[in-house]
Amino acid sequence: MMPSRVKLKRATDGPTPMSTPTSSPTPTPTTMPMQTPIATLNTASSQHNSTTSRREPTLTPPSGPIPLLLLTVLTLLILDTRSCQGLRLTNGGGSLSKGAAANKEQLNIGLIAPHTNFGKREYLRSINNAVTGLTKTRGAKLTFLKDYSFEQKNIHFDMMSLTPSPTAILSTLCKEFLRVNVSAILYMMNNEQFGHSTASAQYFLQLAGYLGIPVISWNADNSGLERRASQSTLQLQLAPSIEHQSAAMLSILERYKWHQFSVVTSQIAGHDDFVQAVRERVAEMQEHFKFTILNSIVVTRTSDLMELVNSEARVMLLYATQTEAITILRAAEEMKLTGENYVWVVSQSVIEKKDAHSQFPVGMLGVHFDTSSAALMNEISNAIKIYSYGVEAYLTDPANRDRRLTTQSLSCEDEGRGRWDNGEIFFKYLRNVSIEGDLNKPNIEFTADGDLRSAELKIMNLRPSANNKNLVWEEIGVWKSWETQKLDIRDIAWPGNSHAPPQGVPEKFHLKITFLEEAPYINLSPADPVSGKCLMDRGVLCRVAADHEMAADIDVGQAHRNESFYQCCSGFCIDLLEKFAEELGFTYELVRVEDGKWGTLENGKWNGLIADLVNRKTDMVLTSLMINTEREAVVDFSEPFMETGIAIVVAKRTGIISPTAFLEPFDTASWMLVSSPSEAMLCPAFSLVSVLAPCLLPLFSLLCVQVGIVAIQAATFMIFLFEWLSPSGYDMKLYLQNTNVTPYRFSLFRTYWLVWAVLFQAAVHVDSPRGFTSRFMTNVWALFAVVFLAIYTANLAAFMITREEFHEFSGLNDSRLVHPFSHKPSFKFGTIPYSHTDSTIHKYFNVMHNYMRQYNKTSVADGVAAVLNGNLDSFIYDGTVLDYLVAQDEDCRLMTVGSWYAMTGYGLAFSRNSKYVQMFNKRLLEFRANGDLERLRRYWMTGTCRPGKQEHKSSDPLALEQFLSAFLLLMAGILLAALLLLLEHVYFKYIRKRLAKKDGGHCCALISLSMGKSLTFRGAVFEATEILKKHRCNDPICDTHLWKVKHELDMSRLRVRQLEKVMDKHGIKAPQLRLASSSDLLNHHHLKERPPLLGNLSLAASAQDLYRWSYKTEIAEMETVL
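Residues numbered from 1 in each chain as written. Predicted model: local features only at pLDDT ≥ 70, side-chain atom pairs only at ≥ 80, totals over all residues. Heavy atoms only, no water.

### Some details on helix α34 (residues 1036-1065)
We apply this condition: Secondary structure elements follow DSSP: runs of H or I no shorter than four residues count as helices, runs of E no shorter than two count as strands, and numbering proceeds from the N terminus. To estimate the expected span of a helix, count its residues, drop one, and scale the result by 1.5 Å.
Here α34 is 30 residues long and its end C-alpha atoms lie 44 Å apart, about the 44 Å a rise of 1.5 Å per residue gives. One or two steps after α34, the chain reaches Gly1067, where phi turns positive at roughly 80 degrees.

Shown next as structure tokens:
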């Protein structure tokens, strides 16, 4: 090893004066070889390196005669000191051989300590004691010392000034520490010049973090280090952190039950971290102690403290430098923020070296930890222990066998590595170290963030000194983070030299509050006649007598029992007032407004509640007072505590079942899919089409099907079509081979009759189809009918209920209200005069306002009662009040209709520029945020109206008007039947003749047999038969004519028979046209290839066959008639 070069740093910035060594029998450092440098003592401005020997400073002999004995003593002391120092700077004190030291791997660390002129020996002594104590520790043995060398020479020591230049910091770290391959750095500083040393400390720690070198630090100004924004994650902090300080400060607040406070900081480094630490600690303590942070102020100029003047804060946490604190507290004193009722709790940065400034107010409290030189030396020893045990854990782990604790080739330049790879791994072992602490203290351990897990802080109190000439910081207690009862405080000098602690809240004040009752916001009820007090559920006492009625000699106790003087106030507003009084700490007197008016302009002057505020007769108005622009112009309102508007309340009238209730189980689309035009409605339409355009009749039939797209239409046409096309259906080919088959009749309208009968399950005669397919289709329709009727009847009961009727106004701007004379008879409605509703209607609806004056009521209860008994059709007032009264109606006969008009809110009213507005606003916003307002609203706005009460009324006997729809349906059917009768007469009188000429009943018979028969001779015969049945001759001429017709008919028959005989004689076979009855003709076997009836007419029949069939049918019909 080469001889070491030791760098000496003097207090001065210039070169160190050197002198030749003083001769002494004791070996000097110049004669002792050195293996490696054990201490590097630098300054930021100059460095001086000795080449082969360290020269002593020149000692200038004092002028004048000096006693020989004194000179000899001084010389011996100097020589003894230098020889001792030389021994300390040797490699192990000479007892360790060079060979043994060379065989061990060196573990090097760097040490940064505050610059001092006379404390260097103390640092060296502390280092010596720490290193030698490693082998004497009572804990686990350090086995790594067998294979590794860790001695005084391995601790590279440098003293740093308060504000070193960045160049000096960079030189120390990059040139001095990296040159010797340090594996950790001990940063031990007790400077408390907050704001001056913070920047350099921040720079040093960040630079070490970039290089990946772990740092074990103990610096008094650590709270100023913005560690949340720092890139360094490899730092262990032995000093109490900013979190510890904030927790201790809040423990003081908890001790004296100070629930609310403000945070005041300057722009000192780390002020954001302090505020965040306070907020996090408050959140942790919320479960057992509720804190409220009223303000958080960063003071950039003294005017920022005006926020505290308008606040309720009486306890302030101050985080600033001492210089900044002096300025802040001077401004606070001018603003009267100090004194008996104000407590300032400060951090370590304000107290610093326990120097008390005269500007600080007596009674200040603070937190502090020892930053003396003795504490610093102790922490150096702890840091060396932490490093040693971290090395022990690192080296004994087999996973780190190939990972050396050296920063070799690490450089701040581009030539080497820029970060130590093993630094983060080694830091984890350091962070997990646990070493034995002082007596009665827990072990020294660290959190995951590298902060000290357990810390102890002193509680300081600013009080006059013993001679009362100045102020001193005196320790009055201690805060220990590891104990359950963390805080131990003795006697305190309180602000203003008071003997009791401040309340921590604004001093109590008294308010005179004016109100006007209105449910549910304020309800009045008599007090207990015996005690004169209000029961728990009746609220608080409030005066209802006017000021002039309260004589000076009145007995207050007797007045409380007299409801003419005092009553009990309860309701939404009273509960809200109680919360305000609890939070703000004030007393109050509730007084009813004398004139009983809300407050409107009357003849240019305000009346009611607003007049009391304008004339400053009261401090505050608390009731359901609506905010509007006119009132806001003369008084101050708080934030709204409830939204409202102008609403309309009406009464429900006993209704009837809707005339269309039987149609309501299905909507219009569903009915369109089921229903269809009736037979009677279709017949005239078909007839009209047949007359005007017979060729369009099939097209019209198809159109009906397409337009209907409905179940009945589809089922009817499908059944008829399947019957028509079936071989065993309409043409009857299979059935007419047997002469015993019963005559069969079927048509489209008979199919309609079948479908309707099946749908409604009517017990009437119907003609069933013969074809298998059409019968199957009929069964499908029957299945559909069962399902349809089941659904319909199941839902019909829900709609056959009594409907309640009411006047459904759209809102205040409904035309029937705005123009009351436009509706006959006019509606009767009113409101309360001199209210917000009245003034709004007067402003925007003057005609309506003039009309409704005759119906106005003096109270809301009177107005609602008038609506219930029918004296008023509606009542107009505040929406929330009407909603409450609607909910309170046990019979549920009231309801609000329409939309609310002129939306606004209820607010607390104060005199202009009142100092109470802001504090009440802040509490209102808190009540809204935490749900208190909503809970009060749900409690007071819930009524007793239970619609379920109406259920038992539904079992009462139904009156005629409640099932009027059935009678209306029957009446509508009668009128429709009369209309169809009229159409039938029109058809027989005017349309049948024209239709018979063009159709002859053939096509119409497809639709309806009765219609087809009416167009044939047979139909005419039937008509004549009916006439003959009813006809009676009243004179001989009529009888003669009738006998003549019968005689001519007999002669015609006789002539026919004669002609047949003549034809037989000449060999001509006469056609078999036996004149028989209608039934014989229909069963004649000669016509088996053609159906005998029009209803069973084959589509393939020729015109001649049709003529023969018609001829035979007509003869049979004539025979029947005659």
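### Regarding the nonpolar core
One recurring pattern in soluble globular proteins is that nonpolar side chains are buried together. We count it as follows: The term nonpolar core refers to a set of buried residues drawn from Ala, Val, Leu, Ile, Met, Phe, Trp, Tyr and Cys, joined through side-chain atoms within 4.5 Å. Accessible area is worked out with a 1.4 Å probe on protein chains only. A residue is then buried under 20% of its type maximum, exposed over 50%, and partly exposed in between.
Core analysis: the largest hydrophobic core is formed by 105 residues, its most contacted members being Phe150, Phe204 and Phe261. Membership of the second largest hydrophobic core comes to 85 residues, among which are Leu625, Leu894, Leu908 and Leu924.

### Quick notes on helix α9 (residues 322-334)
Put simply, the test is: For this analysis, residues touch if any pair of their heavy atoms sits within 4.5 Å.
Along its 13 residues, α9 runs 19 Å from first to last C-alpha, staying within 8% of the 18 Å computed at 1.5 Å per residue. Among all positions in α9, only Gln322, Ala325, Ile326, Ile328, Leu329, Ala331 and Ala332 are buried. Residues of α9 that are buried in the fold lie against β8 (260-265), β10 (315-319), β11 (343-346) and α10 (348-351). A positive phi of about 60 degrees marks Lys336, the residue just after α9.

### Describing the packing of helix α6 (residues 242-255) against helix α7 (residues 271-285)
Quick reminder of the rule: Only the contacting stretch of a helix is used when fitting its axis, a line to C-alpha atoms as for every element, and angles between N-to-C directions run 0 to 180 degrees. An angle below 35 degrees is treated as roughly parallel, one above 145 as roughly antiparallel, one from 65 to 115 as roughly perpendicular, and anything else as oblique. Each helix crossing is assigned a hand: it is left-handed if the near helix lies turned anticlockwise from the far helix by less than a right angle, otherwise right-handed if that turn is clockwise. In this classification, Asp, Glu, Lys and Arg are treated as charged, Ala, Val, Leu, Ile, Met, Phe, Trp, Tyr, Cys and Pro as nonpolar, and every other residue, Gly included, as polar.
Following both chains from N to C, one finds α6 and α7 inclined at 50 degrees, their axes separated by 9 Å at the closest point. If you check the angle between α6 and α7, you find them oblique. For the crossing formed where α6 meets α7, the hand is right-handed. Counted together, Ile242, Glu243, Ser246, Ala247, Met249, Leu250 and Glu254 of α6 and Phe274, Ala277, Val278, Arg281, Val282 and Met285 of α7 form the full contact between these two elements. In the contact of α6 with α7, the residues fall into nine nonpolar, one polar and three charged.

### Focus: the packing of helix α20 (residues 711-725) against helix α21 (residues 748-759)
The N-to-C vectors of α20 and α21 enclose an angle of 130 degrees; their axes lie 9 Å apart at closest approach. Classified by the interaxial angle, the pair formed by α20 and α21 is oblique. α21 is crossed by α20, and the crossing has right-handed handedness. Mapping the contact onto sequence places Ile712, Gln713, Ala715, Thr716, Phe717, Ile719 and Phe720 in α20 and Leu748, Thr751, Tyr752, Val755, Trp756 and Leu759 in α21. Along the lines of polarity and charge, the residues of the contact of α20 with α21 split into ten nonpolar, three polar and no charged.

### A word on the sheet that holds strand β15 (residues 487-489)
Defined as follows: By definition, two strands form a pair when at least two bridges between them are found by DSSP.
If you walk across this open sheet you meet the eight strands as β9-β8-β10-β11-β12-β13-β14-β15, and the pairing is mixed. On the outer flanks of this sheet lie β9 (292-298) and β15, each paired with one strand and no other. Adjacent strand axes in the sheet meet at a mean angle of 25 degrees when their direction is disregarded. The pairing of β8 with β10 spans four bridges and is classified as parallel. For Val264, the partnering residue across the bridge sits in β10 and is Leu318. In this fold α7 packs onto β8, β9 and β10, with an angle of close to 165 degrees to the strand it touches most, β8.

### With respect to the sheet that holds strand β7 (residues 235-237)
One open sheet holds the five strands; their spatial order is β4-β2-β5-β6-β7, and the pairing between them is parallel. Taken across any chain shown, the strands that pair with only one partner, and hence form the sheet edges, are β4 (155-160) and β7. Neighbour-to-neighbour, the strand axes of the sheet open up by a mean angle of 20 degrees, direction not taken into account. Relative to β4, strand β2 (residues 108-114) runs parallel, the two sharing six bridges. Counterpart to Ala113 in the pairing with β4 is Met159. Packed on one face of the sheet, helix α3 (residues 120-132) meets β2 and β4 and runs near 150 degrees to β4. Across the sheet, helix α4 (residues 166-177) lies against β2, β4 and β5 (182-189), angled at about 155 degrees from β2, the strand it touches most.

### Examining the side chain of His849
Mapped onto the fold, His849 is located in helix α25 (residues 846-852). With a relative accessible area of 6%, His849 lands in the buried category. Setting aside its immediate chain neighbours within four residues, His849 contacts Asp838, Ile841 and His842.

### Quick word on unusual backbone geometry
Following Ala519, the chain continues into Pro520 via a peptide bond in cis, with omega recorded as 0 degrees. Tracing the sequence through the fold places Pro520 in the loop between β16 (509-515) and β17 (523-525). Omega for the bond connecting Lys824 with Pro825 falls within 30 degrees of zero, at -10 degrees, which places this linkage in the cis form. Mapped onto the elements of the fold, Pro825 is located in the loop between α23 (815-818) and β26 (829-830). In this model, Arg616 sits at a positive phi of 55 degrees, which is unusual for a non-glycine residue. For Arg616, the location among the structural elements is in the loop between α15 (608-614) and β23 (620-621).

### Considering the side chain of Asp612
Just so we agree on the cut-off: In this tally, Asp and Glu contribute negative charge and Lys and Arg positive charge; neither His nor the terminal groups of the chain are included. Any Lys or Arg side-chain nitrogen found within 4 Å of a carboxyl oxygen on Asp or Glu counts as a salt bridge.
For Asp612, the position within the fold is in helix α15. Lys617 is the oppositely charged side chain nearest to the buried, salt-bridge-free Asp612, at an N-O distance of 4.8 Å. Once you skip the residues sitting within four places of it in the chain, Asp612 turns out to touch Thr514, Val593, Lys617 and Thr618.

### Let's talk about the state of the cysteines
Note the cut-off: Note that a disulfide, as used here, is simply two cysteine sulfur atoms within 2.5 Å.
Following the criterion strictly, the structure yields three disulfides and no others. With a sulfur-sulfur separation of 1.9 Å, Cys174 is cross-linked through a disulfide to Cys412. Taking the sign of the S-S torsion, -80 degrees for the link of Cys174 and Cys412, the bridge is left-handed. One end of the pair, Cys174, is in helix α4; the other, Cys412, is in the loop between α11 (373-395) and α12 (423-431), and 238 residues separate them in sequence. A relative accessible area of 16% places Cys174 in the buried class. Given a relative accessible area of 31%, Cys412 falls into the partly exposed group. Across the disulfide, Cys542 is cross-linked to Cys569 (sulfur-sulfur distance 1.9 Å).

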